[in-house]
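Structure at a glance
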Amino acid sequence: TQLLEQSPQFLSIQEGENLTVYCNSSSVFSSLQWYRQEPGEGPVLLVTVVTGGEVKKLKRLTFQFGDARKDSSLHITAAQPGDTGLYLCEHDYKLSFGAGTTVTVRA
Amino acid sequence: GAGVSQSPSNKVTEKGKDVELRCDPISGHTALYWYRQSLGQGLEFLIYFQGNSAPDKSGLPSDRFSAERTGGSVSTLTIQRTQQEDSAVYLCASSPGQARGETQYFGPGTRLLVL
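The paragraphs below set out a description of the structure included in this document. In this numbering scheme, every chain counts its residues from 1 along its sequence in written order. Chains and ligands are labelled sequentially in the order written, the chains with letters from A and the ligands with numbers from 1. Totals for whole chains, interfaces and linings use every residue, but because this is a predicted model, local features are given only for residues with pLDDT of at least 70 and side-chain atom pairs only at 80 or more, for both listing and counting. Excluded from the side-chain calculations are hydrogens and water; all other atoms, namely the structure's heavy atoms, are used.

Some points on a nonpolar patch on the surface
Residues and elements named next belong to chain B. As a reminder of what qualifies: Only residues above 30% relative accessible area that lack a salt bridge enter a patch, with like-charged residues linked at up to 9 Å and the nonpolar side chains Val, Leu, Ile, Met, Phe, Trp and Tyr linked at up to 5 Å. In these tables, accessible area is a Shrake-Rupley quantity obtained with a 1.4 Å probe, and a residue counts as shielded only by the protein chains included in the view. Here a salt bridge means any side-chain nitrogen of Lys or Arg lying within 4 Å of a carboxyl oxygen belonging to Asp or Glu. In this description a helix means any DSSP run of H or I spanning at least four residues, a strand means any run of E spanning at least two, and both kinds are numbered starting from the N terminus. Note on exposure labels: buried denotes an accessible area under 20% of the residue type's maximum, exposed denotes more than 50%, and partly exposed covers the range between, all computed with a 1.4 Å probe on protein chains only.
The grouping of Val12, Leu113 and Leu115 at the surface amounts to a nonpolar patch, some 280 Å² of accessible area in total. Among the structural elements, leucine 113 can be located in strand β10 (residues 110-114). Classification of leucine 113 by relative accessible area gives partly exposed; the value is 40%.

Written out as structure tokens, the structure reads:
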């Protein structure tokens, strides 16, 4: 059983559209990290969220951490082809990753 | 500065052979992690080294898998008597702090194919 469930599994959108991907767990996270992985490369850390209810913004990316610290979302505004990749969430202490959401942004 | 490097980048081997995968972490990073990523899957934790502490080997899938970290720097992951289900990308990461799992910097991975 996966500790972290990510949805959707795949997402294909047109450049300029918005998208949201989700990460959920039945357990409480001490903290959660989001990574993006491009083909042939290792994951790159985007953000760490620690506090329930926290919202962090990174340019066009907005990360939310649920009040109960069991879920998180990543919202991308006006997606660009450079946002294409596999988005992974991680429970950092447990070193457990979700299976990821593969995002494709078409030009 | 230099990031995490891994070698070889690709490895093809025959079932039953042993393989060694190498990871050079970022200089000064105390923590080192190994993960396995199968096609279309997330990362599966294998082993975690932190400084001079005993490593957390709880993610190793069988006794055919072992890892060492010499001098607190370079690490080698060894898979003995490889099986076809061992085919995957093996990723190494390092991080500078003492907190488990924080801010991991990943290498590009070694793609292992067992025929």
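Here we look at the sheet that holds strand β1 (residues 5-7) of chain B
All names here are of chain B. What counts here: Here, a strand pair is defined by DSSP locating no fewer than two bridges between the strands. Note on geometry: axes are C-alpha line fits, over the in-contact stretch for helices, and angles between N-to-C directions span 0 to 180 degrees.
Overall, antiparallel pairing links the four strands, which are arranged β1-β3-β7-β6 in an open sheet. Each of the sheet's edge strands pairs with one partner strand only, and the pair in question is β1 and β6 (65-69). Across the sheet, the mean angle from the axis of one strand to that of its neighbour is 15°, orientation sign disregarded. Where β1 meets strand β3 (residues 19-24), three bridges bridge the pair, whose relative direction is antiparallel. By the bridge assignment for β3, serine 5 is matched with aspartate 24.

Section: the pairing of strand β9 (residues 85-91) of chain A
Residue and element names in this part refer to chain A. Extensive coverage of β9 is indicated by the burial of seven of its seven residues. Alignment of strand β4 (residues 32-37) against β9, held across six bridges, turns out to be antiparallel. The residue of β9 that forms the bridge with tryptophan 34 is cysteine 89. Pairing of β9 with strand β11 (residues 101-106), which is carried by three bridges, proceeds in the antiparallel orientation. Bridged to glycine 85 within β11 is valine 103. Looking at chain direction, β9 and strand β10 (residues 96-97) are connected through two bridges and run antiparallel. Paired with histidine 91 across the strands is serine 96, a residue of β10. Counting the residues in the hairpin turn of β9 and β10 gives four residues, including leucine 95, whose phi is positive at 55°.

Overview of the interface of chain A and chain B
The criterion, for reference: Whether two residues are in contact is decided by their heavy atoms: any pair within 4.5 Å suffices. Defined here as a combined quantity, buried area equals the accessible surface (1.4 Å probe) lost by two parts on assembly, summed across both. Definition of a polar contact: a pair of N or O atoms within 3.5 Å, with one able to donate and the other able to accept a hydrogen when the atoms are protein atoms, and with sequence-neighbouring residues admitted only if both atoms are side-chain atoms. Under the scheme applied, nonpolar residues are Ala, Val, Leu, Ile, Met, Phe, Trp, Tyr, Cys and Pro; charged residues are Asp, Glu, Lys and Arg; polar residues are all the others, including Gly.
Between chain A and chain B, the contact holds 17 residues from the first and 19 residues from the second. Taken over both partners, the interface formed by chain A and chain B buries close to 1300 Å², and the fraction arising from carbon and sulfur atoms is 54%. In this structure, the connection of chain A to chain B is made through zero salt bridges. Put simply, chain A and chain B have six residue pairs in polar contact (both at pLDDT 80 or more) between them. Secondary structure elements with two or more residues in the side of chain A that touches chain B: β4 and β9 of chain A. Across the side of chain A that touches chain B, the residue classes break down as nine nonpolar, five polar and three charged.

Concerning the packing of aromatic side chains
Note the following rule: Centre distance within 6.5 Å is the pairing criterion for rings of Phe, Tyr and Trp, where only the six-membered ring of Trp is used; planes under 30 degrees apart are then read as stacked, over 60 as edge-to-face, and the remainder as tilted.
Tallied over the entire structure, the rule returns nine aromatic pairs over all chains. Aromatic pair tyrosine 35 of chain A and phenylalanine 106 of chain B: ring centres 5.6 Å apart, planes at 90°, arrangement edge-to-face. Of this pair, tyrosine 35 of chain A sits in strand β4 while phenylalanine 106 of chain B sits in strand β9 (residues 105-106), on two different chains. Judged by its relative accessible area of 0%, tyrosine 35 of chain A falls in the buried class. Each ring, one from tyrosine 35 of chain B and one from phenylalanine 106 of chain B, has its centre 5.6 Å from the other, and the planes form 40°; the classification is tilted.

Brief notes about the pattern of salt bridges
Residues and elements named next belong to chain B. Tallying each qualifying case throughout the model produces eight salt bridges over all chains. One salt bridge in this structure joins arginine 64 and aspartate 86, with 2.8 Å as the shortest N-O distance. Residue arginine 64 is found in the loop between β5 (43-50) and β6, and its partner aspartate 86 is found in the loop between β7 (75-79) and β8 (88-95); the two are separated by 22 residues along the sequence. For the residue pair arginine 64 and aspartate 86, the accessibility class agrees, reading buried in each case.

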